[in-house]
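# Breakdown of the fold
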Amino acid sequence: MIIKKAEFIISNTDPEKCPLSEKPEFAFVGRSNVGKSSLINMLTGFGDLAKVSTAPGKTRLINHFNINDEWFLVDLPGYGYAKVGRASREQWLSFIRKYLAIRENLFCVFALIDSRHKPQANDLEFMNYMGHHGIPFAMVFTKADKLSRKQLEKNLTAYKDEMLQTWETLPPLFVTSAGTKLGREEVLGFIDGIVKDSN
Ligand code: GDP
């Protein structure tokens, strides 16, 4: 997919106020600092579309972007930052659940996972939530350039093994790097396939 247009539309603090969803929508979510903004900028090729965070876990905004007048890219607030307490996490969950429940054209949620770390409880919990509620999602391993090939393989295998304890089959899985653009064609190709199918 060639990104000809990527424009910010609106930020919302309330899922109910998000723009009407006549276009296929693809959302990006993950723990704060996972590399979400960097990934969005890398995918769109617009360097400053999403703000690379300076204060992780502070903002609670849903940002809608119009891509090629064909689909919405949605930047969801991050979760699980160490300085954010339990009450805040509960708030985040109810906020995200509301968003996931009402967006009729939500075709896929990209669950971002830092490829350097072992499977984290809150990431697994969030993916399980989506699974139980029939929300289509894909896993995106970020910051792959920070690991050697061998370590990356090892971490991916460990993650898949962990997922297969709960899941019969794995969701689509992508490995990315904002720096080297690894995974860009794969993620955009995946989105393109779904957008074309939906027409
Ligand atoms: P967000 O909080 O999830 O939006 O994360 P950011 O995109 O703001 O990135 C958090 C930090 O990780 C920043 O210092 C980024 O420069 C760094 N980062 C993000 N993606 C990558 C990547 O693919 N490779 C490397 N080496 N660093 C990354």
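Everything in this summary refers to the structure shown in the same document. Residues take numbers from 1 onward in each chain, read along the sequence in its written order. This being a predicted model, a pLDDT of at least 70 is required before a residue's local features are given, and a value of 80 or more before pairs of side-chain atoms are given or counted; all residues contribute to the totals for chains, interfaces and linings. Calculated side-chain values reflect all of the structure's heavy atoms, with hydrogen atoms and water omitted.

## A short note on the packing of aromatic side chains
- The pairing test for Phe, Tyr and Trp rings, Trp by its six-membered ring, is centres within 6.5 Å, and the orientation test on the planes gives stacked under 30 degrees, edge-to-face over 60, and tilted for anything in between. Applying the stated criterion across every chain yields a total of 13 aromatic pairs.
- Consider the rings of Y79 and W92, whose centres lie 4.4 Å apart with planes at 45°: the pair is tilted. One end of the pair, Y79, is in the loop between β4 (71–75) and α2 (86–102); the other, W92, is in helix α2, and 13 residues separate them in sequence. Each member of the pair, Y79 together with W92, is buried. For helices the rule is a DSSP run of H or I covering at least 4 residues; for strands it is a run of E covering at least 2, with both sets numbered from the N terminus onward. Exposure classes here rest on a 1.4 Å probe applied to the protein chains alone. A residue is buried below 20% of its type maximum, exposed above 50%, and partly exposed in between.

## Looking at the packing of helix α3 (residues 121–132) against helix α4 (residues 149–163)
- Lines fitted to C-alpha atoms define the axes, with helix axes restricted to the stretch in contact, and inter-axis angles between N-to-C directions lie between 0 and 180 degrees. Taken N-terminus to C-terminus, the directions of α3 and α4 make an angle of 50°; their axes are 12 Å apart at the nearest point. Relative to α4, the element α3 is oriented oblique. Here α3 runs over α4; the crossing is right-handed. Between α3 and α4, the residues in contact are D123, L124 and M127 and Y159, E162 and M163, respectively.
- Side-chain classes follow a simple rule in which Ala, Val, Leu, Ile, Met, Phe, Trp, Tyr, Cys and Pro form the nonpolar group, Asp, Glu, Lys and Arg form the charged group, and the remainder, Gly included, forms the polar group. Its residues assigned to classes, the contact of α3 with α4 comprises four nonpolar, no polar and two charged. Roughly parallel means an angle under 35 degrees; roughly antiparallel, over 145; roughly perpendicular, 65 to 115; everything else is oblique. Should the near helix be turned counterclockwise from the far one by less than a right angle, the crossing is left-handed, whereas a clockwise turn marks it as right-handed. Here, residues are in contact when the closest pair of their heavy atoms is within 4.5 Å.

## Some points on the environment of Y159
- Mapping Y159 onto the fold places it in helix α4.
- Its relative accessible area of 2% is what places Y159 among the buried residues.
- The sequence separation of Y159 and P24 amounts to 135 residues, and the corresponding C-alpha distance is 29 Å.

## Structural notes on the site of the ligand
- Neighbouring the ligand are 14 residues, the closest being K36, S37, S38, D145 and A178.
- Interatomic distance of 2.8 Å between a backbone N/O atom of K36 and an oxygen atom of the ligand.
- The fraction of the free accessible surface of the ligand (580 Å²) that becomes covered by protein chains is 76%.
- Its residues placed into classes, the shell around the ligand shows three nonpolar, seven polar and four charged. We call a residue near a given molecule or strand whenever any one of its heavy atoms falls within 4 Å of it. N or O atoms within 3.5 Å of each other form a polar contact, as long as, within protein, one can give a hydrogen and the other can take it, and as long as residues adjacent in sequence are counted only when both atoms are side-chain atoms. The protein chains shown are the only cover counted for residues, whose accessible areas, like all others here, come from Shrake-Rupley with a 1.4 Å probe.

Function-wise, these values are silent; they only describe arrangement.
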